[in-house]
Every structure is written in structure tokens, then in C-alpha cells.
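# Working through the structure, step by step
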Amino acid sequence: MTRYPWWKYLIILVVVLPSLFYALPNFYGWHSAVEVRAPAGTLLPPLATQQGWLQAAGIPVTRVSSGEKGSTFFFPNNDAQGLAETLLQNKLPANAQVILSQMSAEPDWLRSIGGKPVNLGLDLRGGVYLLLRVDTDAVIKHALQQDSGSLRTFLRHRNLQYLAVNMTGPQSLAIEMENPTVAAQAQKAIAGRYPDYAVVLQPNAVLKISITPDAASKMKDDALQQAIVVIRNRIDELGVSEPVIQRQGADHIAVQLPGVQDTQRAKSIIGSTAQLEFKMVDDQANMAEALKGQLPAGTALFYGVHGAPYVLYTNTVLTGRYLSNASAGVDNNSGQAIVNVSFNNEGTRIFGDLTTKNVGKRMAILLDNKVVTAPVIREAITGGRAQITGFSDLKDASNAAIELRAGALPAPVHISEERTVGPTLGQDSIHDGVMAVVFGMAFVVLFMTLYYRAFGLIADVAILVNILAILAVLSIMGGTLTLPGIAGIVLKIGLAVDANVLVFERIREELRLGMSTRAAIDAGFKKAFATIVDSNITVLIAALVLFQFGTGAIKGFALVLTIGVITSMFTATMMSRGIIELALGKRRVQKLYI
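Residues numbered from 1 in each chain as written. Predicted model: local features only at pLDDT ≥ 70, side-chain atom pairs only at ≥ 80, totals over all residues. Heavy atoms only, no water.

### Concerning the overall build of the protein chain
- Helix and strand counts for the protein chain stand at 17 helices and 23 strands.
- Projected onto its principal axes, the C-alpha coordinates of the protein chain cover approximately 105 × 70 × 35 Å.
- Every one of the 594 residues in the protein chain was classed for burial, and the buried ones make up 46%.
- Long-range pairs, those at least 24 residues apart, make up 69% of the contacts in the protein chain between residues at least 6 apart in sequence.
- Of the roughly 29,600 Å² of accessible surface on the protein chain, a fraction of 56% belongs to carbon and sulfur atoms.
- Taken together, the 51 basic and 45 acidic charged side chains of the protein chain have centroids lying 7 Å from each other. (Helix = DSSP H or I, 4+ residues; strand = E, 2+ residues; numbered from the N terminus. Buried < 20%, exposed > 50% of the residue type's maximum accessible area, 1.4 Å probe, protein only. Contact = heavy atoms within 4.5 Å. Areas by Shrake-Rupley, 256 points an atom, 1.4 Å probe, with all protein chains shown as cover. Lys, Arg positive; Asp, Glu negative; His and termini not counted. Charge placed at Lys NZ, Arg CZ, Asp CG, Glu CD.)

### Comments concerning helix α16 (residues 517-549)
- The end-to-end C-alpha distance of α16 is 47 Å, a good match for the 48 Å that 33 residues give at a rise of 1.5 Å each.
- Of all bends in α16, the biggest is about 35°, found at F529.
- T517, R518, A520, I521, A523, G524, F525, A528, I532, V533, N536 and A543 are the residues of α16 that are buried.
- Tucked inside the fold, the buried residues of α16 contact α14 (454-477), α15 (483-512) and α17 (553-584). (Expected span 1.5 Å × (residues − 1). Bend = angle between axes of the 7 residues up to and from the residue.)

### Side note on the nonpolar core
- Among the nonpolar cores identified, the biggest contains 41 residues, and F455, L474, L481, F504, I507, I521 and I580 are the most heavily contacted of them.
- Filtering out sequence-adjacent residues up to four positions away, L481 remains in contact with V118, N119, L120, G121, L124, L474, I486, I489 and V560.
- Core analysis: the second largest hydrophobic core is formed by 27 residues, Y322, F351, I377 and A401 among them. (Core = buried A, V, L, I, M, F, W, Y, C linked by side-chain atoms within 4.5 Å.)

### Examining the sheet that holds strand β20 (residues 370-373)
- With mixed pairing, the six strands of this open sheet are ordered in space as β15-β14-β20-β19-β13-β16. Only two strands of the sheet have a single neighbouring strand rather than two, namely β15 (309-313) and β16 (318-319).
- Bridge count between strand β13 (residues 276-280) and strand β19 (residues 363-367): five bridges; the pairing is antiparallel. Bridging from a neighbouring strand, L276 pairs with L367 of β19. (Pairing = 2+ DSSP bridges.)

### Here we look at unusual backbone geometry
- Positive phi, normally seen in glycine, also occurs at A205, with a value near 60°.
- Judged by relative accessible area, A205 falls into the buried class, the value being 6%.
- One non-glycine residue, R453, lies in positive phi territory at about 60°.
- Looking at the secondary structure, you find R453 in the loop between α13 (423-452) and α14.

### Section: the pattern of salt bridges
- This structure, assessed with the given rule, holds 13 salt bridges.
- Connected through shared salt-bridge partners, R518, D522, K526, R577 and E581 make up one network. (Salt bridge = Lys/Arg side-chain N within 4 Å of Asp/Glu carboxyl O.)

### Describing the sheet that holds strand β21 (residues 385-388)
- Here we have three strands laid out as an open sheet, ordered β17-β18-β21, and antiparallel in their pairing. Edge strands, defined here as strands with exactly one partner in the open sheet, are β17 (323-330) and β21. Taken pair by pair, the neighbouring strands of this sheet meet at an average axis angle of 25°, ignoring direction.
- Where β17 meets strand β18 (residues 337-343), seven bridges bridge the pair, whose relative direction is antiparallel. Considered in β18, the bridge of N325 is made with S342.
- Sitting on the sheet, helix α11 (residues 345-357) touches β18 and β21, and the angle it makes with β18 is about 110°. (Axes fitted to C-alpha atoms, helices over the stretch in contact; angles between N-to-C directions.)

### Structural notes on the packing of α14 against α17
- Viewed as axis vectors pointing N to C, α14 and α17 meet at an angle of 140°, and their least axial separation amounts to 8 Å. As far as their axial angle goes, α17 and α14 are oblique. Crossing angle aside, the handedness with which α14 passes α17 is right-handed. Packed against α14, whose contacting residues are F455, I458, V461, A462, V465, N466, A469, I470, V473, L474 and M477, the element α17 presents L559, V560, I563, G564, T567, S568, T571, M575, S576, I579 and I580 at the interface. (Parallel < 35°, antiparallel > 145°, perpendicular 65-115°, else oblique. Left-handed = near helix turned anticlockwise from the far one by under 90°.)

### Things to note about the side chain of K492
- Along the chain, K492 turns up in helix α15.
- The residues contacting K492, other than those within four sequence positions of it, are N466, I470, N536, L561, G564, V565 and S568.

### Concerning the packing of aromatic side chains
- This structure, assessed with the given rule, holds 10 aromatic pairs.
- Between F455 and F504 the ring centres are 5.6 Å apart and the planes differ by 85°, which places this aromatic pair in the edge-to-face class. Note that F455 is positioned in helix α14 and F504 in helix α15, a separation of 49 residues in sequence.
- A residue is classified by how much of its surface remains accessible, and F455, at 6% relative accessible area, is buried.
- Here R63 stacks its cationic end above the ring of F74, 4.1 Å away from the centre of that ring.
- The ring of Y194 carries R193 above its face, with NZ or CZ at 5.2 Å from the centroid. (Phe/Tyr/Trp six-rings, centres within 6.5 Å; stacked < 30°, edge-to-face > 60°. Lys NZ or Arg CZ within 6 Å of the ring centre and 35° of its normal.)

### A short note on a nonpolar patch on the surface
- A cluster of nonpolar side chains, W6, W7, L10, I11, V14 and V15, forms an exposed patch at the surface whose accessible area comes to about 610 Å².
- Mapped onto the elements of the fold, V15 is located in helix α1 (residues 6-23).
- Here V15 falls in the partly exposed class, since its relative accessible area comes to 32%. (Patch = residues over 30% accessible without salt bridge, like charges linked within 9 Å, V, L, I, M, F, W, Y side chains within 5 Å.)

### Looking at the environment of D368
- Tracing the backbone shows D368 in the loop between β19 and β20.
- Placed 339 residues apart in sequence, D368 and G29 show a C-alpha to C-alpha distance of 42 Å.

Structure representation (C-alpha cells):
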């Protein structure tokens, strides 16, 4: 009987077998794929029909899978993938989504029982990196513009006469009151009603209103968090697998989109504000005078998507926040691309009242402050549905529908930095990284085998299991492997050997002191354990600090290093000891070749 307790062998099996299973999907590689999805209510042709189209066009398909969200076609190369995308876009309904992607080639049976590969980072898989700056100052300006109308209503209800309410800066406005007495009363009333505003009484009965620093800070922070949610929703609509969306600093958002091939479309959808507004058109205004800047009170000049000018009332009668759905389509009568929008219950009521009271008048529909269309209201619309026209093509309408479904960004977003990594460069990085791991492992195996003989082979098995365990943990936790992460694996191979070297050298020392083989092995593992723990805890602390304060590539390196420290302590002590005891069994070994 072996002297190693059976429950320790059980722990080894519980750790090693799942590690082998969850690491297995990483060895199947990635295939070019096209995903076909359809919004709710859209009927797609049968899967067999879609396969027939591809077969008739001579496009090779390696595998097909289907699920609740739609179907996925796998192809042997990117050329076949591109041809399939063009074909399916032409054959499928107008609002169906045809998405290019890179997907794991693991078999369905492995996926069905929970196996999945490690997510590859941007530097390995290719894609786009965007650093977005959210214009948080515009949020405060917009809030003041909105509140200027409510301030007028508030003062009228309090019978406090005012002469004018004007914006005096991006974060302040001025109210001209009738006289200083009324101004003092208004100051007290506004301060009580609007605690987020600082109200200062200036000469000539003017109230200067500005947002307080605390309120401004909270408003900017809320805007940034809302922008992250909206961007994530839009990326989900694009069908990007495992995107990385992180706040960076006070007003920036870092976005990584691995596997994205249509980078221009991704940037357009992510960066568009998608602020949908409904405003009434002032048809009585003189357009010639309006173009010279002479506008009637309460109106402003806006331009359409093709440059046509419109004089609109500044009051927004309805916004996109009342939307429940938006989908692209084609108008049956004109053949033009359109977006069908549906309102929620409150939006249906507001839209119904609006169209009932303004039959015969024109209502402009604006997207990001540009007039998309300005139709005449022919009759009351009480069903809560509307059509938006004026798009150049169906793809333009489809992009707008995605933006509207995901919600409007609270403020304009600007691209501060952009990096695109092609799939070829990513494949080269994977190849070079794998070669680094293979050569590093090969040299370690050769050295350990020559120097420690059979014990070196045991250490090599432990290192191999250690690498598989790192991949398995990354797969289970949904982590992302980057090129620095591969560097962390290579480094961890050396650190894992270090633990075995400490044990083996301790065993050699005990043998030189005259101990028996069994006693030397036992003493070697026990006495080296404390040193192994000390050295690994030091590395673990450094890795955790890097993970906490690092960003991007540093985090990827630190994550792999942290996982590797934990797994190597297990493989270098418990697992190596178990293999040695199992190999010795009940035999009385007189000499160890170590």
C-alpha cells in the first residue's frame, strides 16, 4: 500500500480531470462564421433553404448550428465567409441581421456540456480598440436647457413675474426679473425647489443660476455610467462575442471588440448619440429671415440630413425615451428604407394627444439634431406606432434601428484613440505565443529530465497539468487571454519548476545525511513546503498589485500569473508527491536516482 492518503489522490483527480476537460476546447481552434439573427416578429426561411443557397453558390460550409437566437454557418476561410455574408444579405428579409464573427470550432457535444474555449484578446483575435471620450459638459448644458422651461412654468405658478430666461454659458443661465423685490422672492423659491442649483442675486434684478459642484460631479458620473450601459447594449445588438467595456478616468470609456471585421459600422453605431426628438414645425416663419438669424421667439433653425433648413419650435414634444421597439424595413408603396418605431404606454398616449391636436400641421422627427423627415399629420395616430423615412439605404436604416433600440447616449461621444488589429496579425501573435510556450516547455523538460532523471519527468508532468489548469480556470471564469497573458504562462513554467527544484534539492540533502529513501522524500516535501509558500505568496502579492492598479495588457499578465501561482503550488507539492508515491508503491527502494 502507498503511504499517501487516499483522500489526497481523490483531490488530485477532482482537480486534474476537470482541468483536462475544460482545457480541451482550446485545442480545436477558431473558424470564420456568419451568424443569422432576426428581430422578434420576423420570419426567416428554413435553415435547409439557407444551406441550399450557399451550396448552389459553391460556397463551402464546414458546419451549421442553430439555436434560439438564430443560426450560425462555419466556413474554412475568410474568403468564403465574405461571400456568404453578401449572399445571405441579398436573400434574407431586409431587417435580418447577418453578422461576421470568429467562433470556436469545438464540437457541439462539448459545447452542450459546458465546455468553452478561453476568450482571445484583441491582440490575438484581431478587432478594434476604441477610447471614447464622453462630453459630460454637454449633459449639464442639456439639463439647464431642459430646466429653463420648467423654471418658466414654476415662476408663473408662483406669480413671480420675469422678463426673460437666457443661457449665459454652458453651465449657467440668467433670469431677468421684474424688480429687485420679486427677484429676492424668486431666489428663495428657486433655491427651495431646485437644491442642485446655486442661485445668486445680481444687480438689475437678475438671477444667475448655475449647477453646484457636487451636483455637476454626480451628473457627469451618472452620464458616464449610462453611456457604458448604452454602448454595451449596442454592442450586444452587433453580436460581438466577449467585448471589453471599461471606464477609464473621469470621462473616457475603453472599448475592445475582438473579432469585429466591419470596424466602420461598429464605430458608427457605438459613437452615434441616437437622440430621437419630435418637434413641431413653424410653417409661418419667414425662411429668408430665419437664415439671416432673425427667428421668431421660441424657435430655432435646424437642418435636415440632406441640408434643407427647417424652423422648429425649440420645445421637444416627444423623445426616444418613450420607445419600446424600433426595426428597419422597406415601405411597400415607395420602396424607401424606413424605421418602424413603437411607443410604450405613456409614449402612445403622448403621441396620440399630440397628433390629435395638430392635424394638418407638420411635425419634424430629429435624430441627433438633424431632421430626418417632417411629415404633415394627416390624422390622429393613436396606435402608438410611427414610421421614420429619409434614410439613404436599408443598411443606414438598420443602423438607426439598432441605435434606437439600445437607447440614446446621454451625451455626445468622441473617439479619442482607435487601433485596429487585423486577423492575420492576430494569428501571427498566436503562433509566436504558442511557439514560445512550446520551446520554453521543451527546454525545461530537457533540463529537468537530464538533471533529475525520473523525478524530472514527474516535474514535467506536473508543469503540463499546470498549464492545462491555467487554461481551464480562464475558460471557467470567462477570462480573456492576451499576448501578455501568454508571456505570463511562459514565466509561470519557470516558476513552477522552481518549486520542484526546491523539493528535489531538499531530498538530495536528506539522502546525503543518511536518511532512507522514504524518509528523505517525506522530509523533502515537508521542509521545502514553507519555502515554496513564501516564494509563491511574494509573487502572488506582486501579481495582485499589478491586477489592481494595471490596465489592459498589465491586467492580462497579472491575471494569468495569479492563476498560475495558485495552480503551481498544487501541482508542485500535492500532485508531484502523489505521482512519486504512486510510482514507489509498496516497494522498498534502496536508491533514488535524483
